[in-house]
Amino acid sequence: MATADDQFYREYILDHYKNPRNYGRLEHPDISHEEDNPLCGDVVGMDFRVSDGVIEDIRFHGRGCAISQASASLLTERLKGLPLEEAKKINKDDVLGELGIEISPARIKCALLSLKVLKVGAYGLADEDEE
Amino acid sequence: MAIQTFDVATIRKDFPIFETGIAYLDSANTSQRPRQVTGAMLEYFEKFNSNIHRAAYRIAEEATVRYEATREKVRAFINAASTKEIVYVRGTTEAINLVAYSWGRKNIKQGDLIVLTILDHHSNIVPWQILAAEKGAQIEYVDIDEKGELRQDQLAELLKRGPKLVAFNLVSNAMGTINPAREMVAAAKKAGATVLVDGAQSTPHQPVDVRALGCDFYAFSGHKMLGPTGAGILYGRRELLEAMDPFMAGGDMIKTVRIEGTTYHDLPWKFEAGTQAIAEVIGLGAAVDYLGGLGMDAVRAHELEITEYAYESLSDIDGLTVYGPPPSRRAGVISFALEGIHPHDLATIADRDQVCLRAGHHCAMPLMTRLGIPATARASFYVYTQKDEIDRLVTSIKEAQRIFA
Ligand SMILES: Cc1ncc(COP(=O)(O)O)c(C=O)c1O
């Protein structure tokens, strides 16, 4: 437990939190969606530009804890340039794997907020998927 | 008269959980429980476990006596006039829902005004919102000033409109503000309102006298005052309780049940339907005994000392903002924010050092919205809190600042 905790705020997570990638808004997004986590006040929104079935450009905005914001930043890196069909396959384990740290049950909602934005917003899927 | 004091180190020996090494700074959420409380519950389970009010054998009589004994202890603790005014409920939330349902549905009509405050806990907001929506009544919220204290001028204005009900907490769980309850109740009563005081955060931490306070209803939870979860109290003035219909219906709350109709039991049992939380109520009685032994003036004096120490220690930290009034006008609760560090990240880092800290909106989302913040970190104290635990919090905060620098 203690070792997992020591690793919790790894450098690259802090880096994504302090210097988020693909941060901001797109002018005329094809898809735009925002979700929040009322329990802690985390907010993540994403704008997508899609052309020929490929996510050509993506931006995210939001505020909240390091986990929610770093997770969103990491996800946008992965989504940029990805065919929609591929993006659809991204699941909870992929997102948690990318974060690479042990997330306690209390923080899992923070870690998966960006995935919820992707799923609910871009694909209209029911949000029980990533519980 | 000198206030009696107690020795925290001695008290902590009654709380086995501290042997785990935790610094527990979340007592406003739920308190720890001493051996005296868990012991009283265990004794019931092991020596006279049975249902109350229903059986003729000896252990059931013993269970009934112990269960009912809590009522007198609580009555004396809050200085109510009679045990008939002490209704057992699960906690503050159930107490307020009971009033909203049984009193509110009978007395709140279309166009009536209900006055609440921006400092209220969701449990003193949502039941009234439901009632107001059902009846077409209106709700107004008293705002706070920049020090986090309720705007008494605004309350005075709202009282001119003749509200039917005024409900507020004596102490805010989110900011620790101690509201001038006596004056507020007096003003509201003068304006003809019925008054409910949410005592969830006051009853555990300072002397309470419901008759001096003058309110009609007073609600609190046992689990925030060294007792177990699942047992709390609704105090209500007798005339009001007499005139109210039951909240839950079923076994034990009746006198006679016939096909043609039912007559209800006397107070307070009219409001206690079904098999009750017997062990929990017995545990609450033991908690009241424990607090009585310490003396509530001594409890408040100890918490004030800890709060002053924490307030100063935290205020010294760069980039840290404390919300709410100075220690003399707040209970043992300090809500704060750290620049550049989300409260949840701080709580996770503190947890690594076994420091239990709350992060979130504290069931006071209207207040968070009012302050323009999504969440705060909150440290809260009780009879067993010692300065060393505050020092550990400060160390965790500095560690978080180092990590996030
Ligand atoms: C001021 C206040 N009111 C009401 C409640 C609700 O108490 P319970 O959850 O025990 O019903 C709390 C506890 O969080 C509180 O702090």
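Residues numbered from 1 in each chain as written. Chains lettered and ligands numbered in written order. Predicted model: local features only at pLDDT ≥ 70, side-chain atom pairs only at ≥ 80, totals over all residues. Heavy atoms only, no water.

### Re the site of the ligand
All names here are of chain B. Lining the immediate surroundings of the ligand are Gly91, Thr92, Thr93, His121, Ser123, Asn173, Asp198, Ala200, Gln201, Ser221, His223 and Lys224. Thr93 is positioned such that a nitrogen or oxygen atom in its side chain is 2.5 Å from an oxygen atom of the ligand. Contact distances for the ligand include 2.7 Å between an oxygen atom and a side-chain N or O atom of Gln201. In isolation the ligand exposes 390 Å². Once the protein is present, 86% of that is buried. Its residues assigned to classes, the shell around the ligand comprises 1 nonpolar, 9 polar and 2 charged. (Near = heavy atom within 4 Å. Polar contact = N/O pair within 3.5 Å; in protein donor to acceptor, adjacent residues only side chain to side chain. Areas by Shrake-Rupley, 256 points an atom, 1.4 Å probe, with all protein chains shown as cover. Nonpolar A, V, L, I, M, F, W, Y, C, P; charged D, E, K, R; others polar.)

### Comments concerning the interface of chain B and chain A
Counting from both sides, the interface comprises 15 residues of chain B and, opposite them, 19 residues of chain A. It is His344, Arg352 and Phe404 of chain B that lose the most area in chain B upon contact with chain A, and together they represent 34% of the buried surface on that side. Across the contact surface, chain B and chain A share 1 salt bridge. With a closest N to O distance of 3.0 Å, Arg107 of chain A and Asp345 of chain B form a salt bridge. Where chain B meets chain A, there are 8 residue pairs in polar contact (both at pLDDT 80 or more). When contributions to the side of chain B that touches chain A are tallied by element, the ones reaching two or more residues are helix H12 (343–352) and helix H14 (387–404) of chain B. At 5 residues, the largest contribution of residues to the side of chain B that touches chain A is made by H12 of chain B. Residue composition of the side of chain B that touches chain A, by class: 7 nonpolar, 6 polar and 2 charged. (Contact = heavy atoms within 4.5 Å. Buried area = accessible area lost by both parts, 1.4 Å probe. Salt bridge = Lys/Arg side-chain N within 4 Å of Asp/Glu carboxyl O. Helix = DSSP H or I, 4+ residues; strand = E, 2+ residues; numbered from the N terminus.)

### With respect to the packing of aromatic side chains
All names here are of chain B. Scanning all chains against the criterion turns up 14 aromatic pairs over all chains. Taken together, a centroid distance of 4.9 Å and an interplanar angle of 65 degrees make the contact between Phe15 and Tyr384 edge-to-face. In this pair, Phe15 sits in the loop between helix H1 (8–12) and strand E1 (23–24) while Tyr384 sits in the loop between strand E15 (376–380) and H14, placing the two residues 369 residues apart along the sequence. Under the relative-accessibility criterion, Phe15 is labelled buried at 1%. You can call Tyr384 buried: its relative accessible area is 0%. Directly above the ring of Phe18 sits Arg12, whose terminal nitrogen or CZ lies 4.0 Å from the centroid. (Phe/Tyr/Trp six-rings, centres within 6.5 Å; stacked < 30°, edge-to-face > 60°. Buried < 20%, exposed > 50% of the residue type's maximum accessible area, 1.4 Å probe, protein only. Lys NZ or Arg CZ within 6 Å of the ring centre and 35° of its normal.)

### Focus on the layout of surface pockets
Taken as a whole, the second largest pocket spans an internal volume of roughly 270 Å³. For the second largest pocket, the lining is made up of 15 residues, of which Gly64 of chain A together with Ile341, His342, Pro343 and Pro374 of chain B are closest to its centre. Residue composition of the lining of the second largest pocket, grouped by class: 8 nonpolar, 6 polar and 1 charged. (1 Å grid on protein atoms, 1.4 Å probe; cavity = no way out; pocket = protein on both sides within 12 Å on 5 of 7 lines; lining within 4 Å. Points joined across faces, edges and corners; volume = space filled by probe spheres on them.)

### Some points on empty space enclosed by the protein
Residues and elements named next belong to chain A. For the structure on display, the rule yields 1 cavity of 30 Å³ or more. One number sums up the size of the largest cavity: a volume of about 50 Å³. Residue lining of the largest cavity: Ser71, Leu74, Leu75, Arg78, Val95, Glu98 and Leu99, and that is the complete set. Taken together, the elements giving at least two residues each to the lining of the largest cavity come down to helix H3 (66–79) and helix H5 (92–99). Per element, the largest residue contribution to the lining of the largest cavity is 4 residues, and it comes from H3. A breakdown of the residues in the lining of the largest cavity according to their chemical character gives 4 nonpolar, 1 polar and 2 charged.

### Thoughts on the nonpolar core
A general feature of soluble globular proteins is that nonpolar side chains tend to end up buried together. Residue and element names in this part refer to chain B. Counting 79 residues, the largest nonpolar core has Ile78, Val197, Tyr218, Leu226, Leu291, Val383 and Tyr384 as its most contacted members. With 11 residues, helix H10 (residues 278–294) is the single largest residue contributor to this core. Mapped onto the domain boundaries, this core takes at least three residues apiece from domain 1 (8–31 + 295–404) and domain 2 (38–293). Setting aside chain neighbours within four positions, we find Val197 in contact with Phe168, Leu170, Val185, Leu213, Cys215, Phe217, Tyr218 and Ala219. (Core = buried A, V, L, I, M, F, W, Y, C linked by side-chain atoms within 4.5 Å. Domains from an automatic or database assignment.)

### Some points on the domain arrangement of chain B
Often, the extent of an interface is quoted as the loss of accessible area upon association of its parts. All names here are of chain B. Parsing chain B into structural domains produces domain 1 (8–31 + 295–404) and domain 2 (38–293). Spacing between the C-alpha centres of domain 1 and domain 2 amounts to 27 Å. At the interface, 36 residues of domain 1 touch 34 residues of domain 2. Here domain 1 packs against domain 2, burying approximately 2900 Å² in sum over the two surfaces, 57% of which is carbon and sulfur. In this structure, the connection of domain 1 to domain 2 is made through 2 salt bridges. Note that Glu149 is salt-bridged to Arg329, the shortest N-O span being 2.9 Å.

### Overview of the sheet that holds strand E2 (residues 86–89) of chain B
Residue and element names in this part refer to chain B. Across the sheet, 7 strands lie side by side as E2-E8-E7-E6-E5-E3-E4; this open sheet has mixed pairing. Whereas interior strands pair on both sides, the edge strands pair on one side only; in this sheet they are E2 and strand E4 (138–142). For this sheet the average axis-to-axis angle between neighbouring strands, irrespective of direction, equals 20 degrees. The pairing of strand E3 (residues 113–117) with E4 spans 5 bridges and is classified as parallel. Each residue of the ladder has a partner; that of Leu113, found in E4, is Gln138. Each of E3, E4 and strand E5 (165–169) touches helix H6 (residues 152–159); the most contacted strand, E4, lies at about 155 degrees to it. (Pairing = 2+ DSSP bridges. Axes fitted to C-alpha atoms, helices over the stretch in contact; angles between N-to-C directions.)

### Comments concerning H3 of chain A
All names here are of chain A. With 14 residues, H3 should reach 20 Å at 1.5 Å per residue; the first-to-last C-alpha distance of 20 Å fits that figure. Summarising burial for H3: 12 of the 14 residues are buried, a large majority. Looking one or two residues beyond H3, the residue adopting positive phi is Gly81, at roughly 85 degrees. (Expected span 1.5 Å × (residues − 1).)

### With respect to the confidence of the model for chain B
Summarising the model, chain B shows a mean pLDDT of 96, and 99% of its residues fall at 70 or more. Interface scoring of the predicted complex returns ipTM 0.84; its pTM is 0.93. (pLDDT = per-residue confidence, 0-100.)

### Some words on the environment of Thr395 of chain B
Residue and element names in this part refer to chain B. For Thr395, the position within the fold is in helix H14. Measuring from C-alpha to C-alpha, the distance between Thr395 and Val355 comes to 10.0 Å, with 40 residues separating the pair along the chain. Within the local environment of Thr395, its side chain forms a polar contact with the backbone oxygen of Asp391, the two atoms lying 3.0 Å apart.

### Here we look at the side chain of Ser202 of chain B
Within the secondary structure, Ser202 of chain B is located in the loop between strand E6 (194–198) and helix H8 (210–213). When sequence neighbours within four positions are dropped, the list of residues in contact with Ser202 of chain B reads Leu170, Val171, Val208 and Tyr218 of chain B.

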